[in-house]
Amino acid sequence: MRGLPAHRFPALALAFGVLLVLLASAPAVASSYRYWSFWEGGANGSWSYATQGPSTARPADGSVQGFRFGVSKDAGDRSGQPRADADFDSVCSATPAEQGRKRVALVIDFGLPAQAPSGETPPRSEPRTACARVAPDATTAQALAAVAKPLRYNGSAMLCGISGYPRQGCGEPVADDAGRNPSASSSSSSAPSPSSASSSGGSGGPSAGLLVGVVAVAALAAAGVRQSRRRAR
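Our subject in this report is the structure included herewith. (Residues numbered from 1 in each chain as written. Predicted model: local features only at pLDDT ≥ 70, side-chain atom pairs only at ≥ 80, totals over all residues. Heavy atoms only, no water.)

Attention now goes to the state of the cysteines. Considering all chains together, one arrives at two disulfides under this definition. Residue Cys 92 pairs covalently with Cys 131 via a disulfide, S to S 2.1 Å. Around the S-S axis, the bridge from Cys 92 to Cys 131 shows a dihedral of about 105 degrees and counts as right-handed. One end of the pair, Cys 92, is in helix α2 (residues 88–92); the other, Cys 131, is in strand β5 (residues 128–134), and 39 residues separate them in sequence. (Disulfide = S-S within 2.5 Å. Helix = DSSP H or I, 4+ residues; strand = E, 2+ residues; numbered from the N terminus.)

In C-alpha cells:
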C-alpha cells in the first residue's frame, strides 16, 4: 500500500494544528448541575441513587423514597443524598395500613441555602417527611404528588420543582465549585443563574483570540502547501 507523498505531510500537520487550536480555545463545559436527585431507601436507613426516574419507579408497600435538591458533580454523589435516614417506621407509623392501598415513605430535602438558585431560599432548613397512601401500582411520582404539590416538570418529563421549589430552572449546569461548600453563605457561593452565566461569556460566538489563532494557523498552512508544491516541481 503506497503512503502519502512526502510533500503532503507539512500541510496535514498544519491542518492538525488548526484542530488543536479550536479544541484548546473551546470553552470548558460545566460538569456540576443543580437539580432534584432521586434516591431509594435501603437497609439500616441507607440511601442508594435511583436507577430509574420517579415517573417509572413503582415502589413496593413499605418502601422509602428520597429527594434532595442541590448541586452535584456526579450522579449518585454521596454528599447529595437526603440528610435524613431512610426509616419507614418513623415516617409512616402514624399512617395506618389500608386494604387495597400501599404506603410509601417520602423524605424531601430542599437542600442548603448556598445551593439555592439566585434569589430563592429553601422553604425549610430540615428535610420534610411524609407518608403517602396510594394505589398498589402507583409510581413514586404519583406518591410524591399526593403529599408535596405543586410539582413542576420540564418538556422532557424531568422533575424540576417539588412543593413549588425552586420556582424556575431545571437541571442547569453551574460552575464546578458553585455551592459545594456547605459552610458558605448563599450570597457568596450560590451558583450563577443561566442568564448571568451567559452574559459573562459574551454573545456565545467564537472569541477574538480564537479567530486570530485560526487565521494565523491557516496562513501558515497555506504557506506550507505552496512551499511543498515548489519543492515537488
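So, about the pattern of salt bridges. Scanning the model with the defined rule gives five salt bridges in all. One salt bridge connects Arg 34 with Glu 172, and the closest N-O pair in it is separated by 2.9 Å. One end of the pair, Arg 34, is in strand β1 (residues 32–41); the other, Glu 172, is in strand β8 (residues 172–174), and 138 residues separate them in sequence. Taking the relative accessible area as the measure of exposure, Arg 34 reaches 1% and is therefore buried. The partner of Arg 167 in a salt bridge is Glu 120, with the nearest N and O atoms 3.8 Å apart. With Arg 167 in the loop between β7 (159–161) and β8 and Glu 120 in the loop between β4 (102–109) and β5, this residue pair connects regions lying 47 residues apart in the sequence. (Salt bridge = Lys/Arg side-chain N within 4 Å of Asp/Glu carboxyl O. Buried < 20%, exposed > 50% of the residue type's maximum accessible area, 1.4 Å probe, protein only.)

Take the nonpolar core next. Nonpolar side chains tend to gather and get buried jointly when the protein is soluble and globular. Trp 36, Phe 67, Leu 106, Ile 108, Leu 144 and Ile 162 are the most contacted members of the largest nonpolar core, which has 20 residues in total. Mapped onto this core, the elements with two or more residues apiece are β1, β3 (63–72), β4, β5 and α3 (140–147). For Trp 36, the contacting residues outside a window of four places in its chain are Phe 67, Arg 68, Phe 69, Ile 108, Asp 109, Phe 110, Leu 159, Cys 160, Gly 161, Ile 162, Tyr 165 and Pro 166. Within the second largest apolar cluster, 10 residues are counted, among which are Val 64, Val 91, Cys 92 and Ala 105. (Core = buried A, V, L, I, M, F, W, Y, C linked by side-chain atoms within 4.5 Å. Contact = heavy atoms within 4.5 Å.)

Right, let's talk about the side chain of Lys 102 for a bit. Topologically, Lys 102 is positioned in strand β4. Although buried, Lys 102 forms no salt bridge, and the nearest oppositely charged side chain, Asp 137, lies 6.7 Å from it. Leaving out residues up to four positions away in the same chain, Lys 102 has contacts with Arg 58, Pro 59, Ala 60, Asp 61, Ala 132, Arg 133, Val 134, Ala 135, Pro 136, Asp 137 and Ala 138. (Lys, Arg positive; Asp, Glu negative; His and termini not counted.)

In this model, Lys 149 is joined to Pro 150 through a cis peptide bond whose omega is 0 degrees. Secondary-structure assignment places Pro 150 in the loop between α3 and β6 (152–153). Here the bond from Tyr 165 into Pro 166 is cis, since omega is -10 degrees, no more than 30 degrees from zero. Here the phi dihedral of Ser 163 falls at roughly 55 degrees; this positive angle occurs in a residue that is not glycine. Within the secondary structure layout, Ser 163 lies in the loop between β7 and β8.

These figures come from the coordinates and say nothing about function on their own.
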